[in-house]
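Listed below are the residues making up each chain.
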Amino acid sequence: MVTGGRGTVVAMAAWSTLNAAGVTLFLLLVLLRVSQAQTFFFPFRQPETCGHNQYFDISALSCVACGPNQRQDARGTVCVCLPGFQMISNNGGPDIICKKCPENMKGVTGDGWNCISCPGGLTAEGKCHCPTGHILVERDVNGTLLSQATCKLCEESENSFTIANALGNRCVQCEPTFINTSRSCVCSEPNILTGGLCFSSTGNFPPRMISAARYGDLGMSFTSEWFAEYLQSSAAACWVYANLTSCQALGNMCVMNMNSYDSTTFDACRLFQFIFENTAGLGTVHSVSFWRQNLPWLFYGDQLGLAPQVLSTTPLPTNFSFKGENQNTKLKFVAASYDVRGNFLKWQTLEGGVLQLCPDTETRLNAAYSFGTTYQQNCEIPISKILTDFPMPTFYDVYLEYTDENQHQYIWAVPVLNLNLQHNKIFVNQDSSSGKWLLTRRMFLVDALSGRENDLGSQPRLIRVATQISLSIRLVPNTKNGNIYPPLITVAYSDIDIKDPNSKSVKISFSVTYEMDQGEAHVQTDIALGVLGGLAVLLSLLKTAGWKRRIGSPMIDLQTVMKFLVYYAGDLANVFFIITVGTGLYWLIFFKAQKSVSVLLPMPAQEERFVTYVGCAFALKALQFLHKLISQITIDIFFIDWERPKGKVLKAVEGEGGVRSATVPVSIWRTYFVANEWNEIQTVRKINPLFQVLTVLFLLEVVGFKNLALMDSSSSLSRSPPSYIAPYSRILRYAVSTALWLVIGIIQIVFFAVFYERFIEDKIRQFVDLCCMSNISVFLLSHRCFGYYIHGRSVHGHADTNMEEMNMNLKREAENLCSQRGLIPNTDGQTFQIAISSQMRQQYDRIHETLTRKNGPARLLSSSGSTFEQSIKAYHTMNKFLGSFIDHVHKEMDYFIKDKLLLERILGMEFMEPMEKSIFYNDESYSFSSVLYYGNEATLLIYDLMFFCVVDLACQNFILASFLTYLQQEIYS
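The name given to the chain in an unreviewed UniProt entry is Meckelin isoform X2, with Balaenoptera acutorostrata as the source organism.

Chemist: What is the right way to read the packing of helix α12 (residues 669–681) against helix α15 (residues 763–774) from this model?
Modeler: In helix packing, the relevant descriptors are the interaxial angle and the interaxial distance, both defined with respect to the helix axes. The geometry of α12 relative to α15 is characterised by a closest axis approach of 10 Å and an angle of 170° between their N-to-C directions. Between α12 and α15, the angle falls in the class roughly antiparallel. Between α12 and α15, the contacting residues are Arg-670, Phe-673, Val-674, Glu-677, Trp-678 and Ile-681 on the first element and Lys-763, Ile-764, Phe-767, Leu-770, Cys-771 and Ser-774 on the second. Looking at the contact of α12 with α15 residue by residue, the class counts come to eight nonpolar, one polar and three charged.

Chemist: Would you explain empty space enclosed by the protein in this entry?
Modeler: One simple way to see leftover space: roll a probe sized like a water molecule over the atoms. Counted according to the given criterion, the structure contains eight cavities of 30 Å³ or more. The space that makes up the second largest cavity amounts to roughly 60 Å³. In terms of lining residues, the second largest cavity is bounded by Arg-549, Arg-550, Cys-785, Phe-786, Ala-835, Glu-910, Met-912, Glu-913 and Pro-914. Of the residues belonging to the lining of the second largest cavity, the class tally is five nonpolar, no polar and four charged.

Chemist: Would you take a moment to explain the UniProt feature "transmembrane region" (unreviewed entry) in the chain for this structure?
Modeler: Under the UniProt annotation, "transmembrane region" (unreviewed entry) lies at residues 565–590 and 731–756. Taken end to end, residues 565–590 is 100% helix and 0% strand, and its two terminal C-alpha atoms sit 37 Å from one another. As annotated, residues 731–756 has a helix share of 100% and a strand share of 0%, and its two end C-alpha atoms lie 35 Å apart.

Chemist: For this particular structure, what's the right way to read the pattern of salt bridges?
Modeler: Under the criterion given, the structure shown has 28 salt bridges. Between Asp-712 and Lys-592 there is a salt bridge whose closest N-O contact spans 3.2 Å. Here Asp-712, found in the loop between α13 (689–703) and α14 (730–759), pairs with Lys-592, found in helix α10 (residues 558–593); they are 120 residues apart in sequence, far enough to count as distant. Judged by relative accessible area, which is 5%, Lys-592 ranks as buried.

Chemist: Explain a nonpolar patch on the surface to me, please; I cannot follow it from the model alone.
Modeler: Judged by side-chain polarity, Leu-539, Leu-542, Leu-901, Leu-902, Leu-903, Ile-906, Leu-907 and Phe-911 come together as a nonpolar surface patch covering roughly 720 Å² of accessible area. Contributing elements (two or more residues each) for the nonpolar patch: α9 (519–551) and α19 (902–907). Ranked by the residues each element gives to the nonpolar patch, the list is headed by α19, at four residues. For Leu-902, the position within the fold is in helix α19. A relative accessible area of 62% means that Leu-902 is categorised as exposed.

Definitions and limits used
- Residues numbered from 1 in each chain as written.
- Predicted model: local features only at pLDDT ≥ 70, side-chain atom pairs only at ≥ 80, totals over all residues.
- Heavy atoms only, no water.
- Axes fitted to C-alpha atoms, helices over the stretch in contact; angles between N-to-C directions.
- Helix = DSSP H or I, 4+ residues; strand = E, 2+ residues; numbered from the N terminus.
- Parallel < 35°, antiparallel > 145°, perpendicular 65-115°, else oblique.
- Contact = heavy atoms within 4.5 Å.
- Nonpolar A, V, L, I, M, F, W, Y, C, P; charged D, E, K, R; others polar.
- 1 Å grid on protein atoms, 1.4 Å probe; cavity = no way out; pocket = protein on both sides within 12 Å on 5 of 7 lines; lining within 4 Å.
- Points joined across faces, edges and corners; volume = space filled by probe spheres on them.
- UniProt positions renumbered as here; feature names shortened; annotations may be inferred.
- Salt bridge = Lys/Arg side-chain N within 4 Å of Asp/Glu carboxyl O.
- Buried < 20%, exposed > 50% of the residue type's maximum accessible area, 1.4 Å probe, protein only.
- Patch = residues over 30% accessible without salt bridge, like charges linked within 9 Å, V, L, I, M, F, W, Y side chains within 5 Å.
- Areas by Shrake-Rupley, 256 points an atom, 1.4 Å probe, with all protein chains shown as cover.

In structure tokens, the structure reads:
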């Protein structure tokens, strides 16, 4: 039995386990089916699509049926009782109970909770209805519900002057203008009723006016419902009663019409001007002649030439400084804001984006009011968002707050230049001459009100948006304390036709610019350009004169003029380069390092002249570089082989079947080797172009030197990501780029000359040593009668020898057991500048002609074999001739050796002409490198720099400029 019981327990436990597993599996399958059956979409419904007996459930976002005897309310989100039914309970939504009123009490009280007997008819909602001028009374004084409602007539006699309010539930006093005009609550003829106000027709009522809103951008105007409703009443209340709010409202309507004035039309601005002219006796506000008592200050007058006086006559009595104890870099703009009805709203600072429609962080928005920071903000905003955010316009009178020397706070009115303003149908503020401008005071951002035609609650037909707002600040000339003239707000409005606001957007821009008079800087630049340009002419004339001597031609011909122009292009390029670098460094140093503000950066439009100079410098420098390159590849160069044959050998005679004795041929490989080395050193430079480009790019982009080119007062090399990044100044970008490029280039050149050439490798001197070791001299003519000579004649007699003998020769030379390498005995001078005589040049040309004759017409040439033999023969003839010339064999074409005068070295020309004898000038500076890149490093360095800067100025991208600069370096290298 124990065994049986134990088996039963085991079986039951197993069954329970299986049962639990089955249930778990079943639940998992159910959950799986449920998850597979779920959907996450449903019909899209809006409140206005619900039926009359349905309401919109704000939780389920769908239409739900109301209960019995119910219907939806005006909003459509709750249910209310049908007319003739009272509420028993109401918890919102469908949770409402309605009960039918008895037959003797068919009316429902205003709150809907009780039934009541009405003295007259019922409204559509089932409420009691009273005649005009009566109020409905449903309860007594203590709140007790009356069995029957009564209609009480408001007392309109002189003792009370009351009338029913808009809801018809209380008697209120009549509008004061009714009482003052007609001594009653009725504005009867001949009195005038307008805008809910009553005016006497016998008084000085303003002239008949028009209620049109003009939209100049779209070339249209139409009757504005707002103007039709309130223009006449505001003008009358302002004129007759000097009502402050009405005067402000009238001024706002003038501003909504772009402050435009037309002497033939009595619109808002003409009415404002009419009241302004006829209230002169009221006096002015704060002694401002344009600010009449009781009226807003809208205009600075309409006299020509007034704008320059306002903007450039009186500086603000405050100072701005970037650094130091008296640092002041905050522009404290404040604005008096008004609503469209003329009510004063508040004083508010412009920080936080009050005038900036584009959204951004508060830090970046407030950066617009940091003195010295050029600010630019652009965005595109949907029209639907503008309509939502600005249903009613807000108007601003902007002031600049400052503190005087006695720490008293004052505000200075900031004028507005409205580009849409029309004076007698002329856009005077779009004229380039400030003498024709008409300055105003008040502005707004968005007007979505005046464009409503028939109903103020409807969507506007047109809206007007301030799409461009620019705040310009001008420095007082020659100031040392950071004084500025009154700032100017320039605003341009765009008229937008509203048809599909959800698909349209508008581009918005807000900017702050700083400017100073650049006249003095332009004069100084012109003086520098004139002086340096004149020196460039003299230098080019000297170069041309030297060139004429070197080609042995005294005549001035077209070639001479062209050569002068090429030389002048190079020198003028250096002039433009010096001026632009000096100008750029001036603005960089004096703007970034100043304490009290005395200079401000040129505006982008003022930089065009500078950019033109940079472009001229690059174009002229490119022409100079091309001239150098052509000169380098068109020089005459001959390698004189001093090696002599060693004995004779037996040589088979072709075609004769025998042998004969012949001299041992001299190996040509030494000449080929020296020529190859010459070819390699042609592009050797004193700097590493790749290192130059990468280092400059690293300093600009990684270290952050490019931040010095930002148009703000900060000298920091880093900027925090949340902060506002000002636009780049092209002048400062050029200054930073040229400074870094020149510094890195000069450091490389100094390192190359002081360390690398002394301790590692000097390829120019190594080439001269190679010539001597190879027993090869180099005869080089860069001009017709001028060139260079490298004396490579071996002091050992032979260079084509084995390793052991060559090593012995070097050892003997090191121990001074042989003569020195120089052309003159017992000297080391191996390099010379040479000026050859015309006779020498003619002989050279006769021999050289046989080498180049193979380029002539094919019919004048013999077979290729004989042509090659002619070339070999001409080579040997030239080699023999030049060797004998160096050895003074030809007395009629002899030469002598001398030192150049100091002035000759400075001017780069020779005073003595080689008439009968050629002249060899000692040249210890290896000036033959002037026909190589090595000797033109300054030209190449400036050309690369100008290429880099021109690309950057065009693309505003240092990385692209670096890549293209390195690419063109590889092309010409």
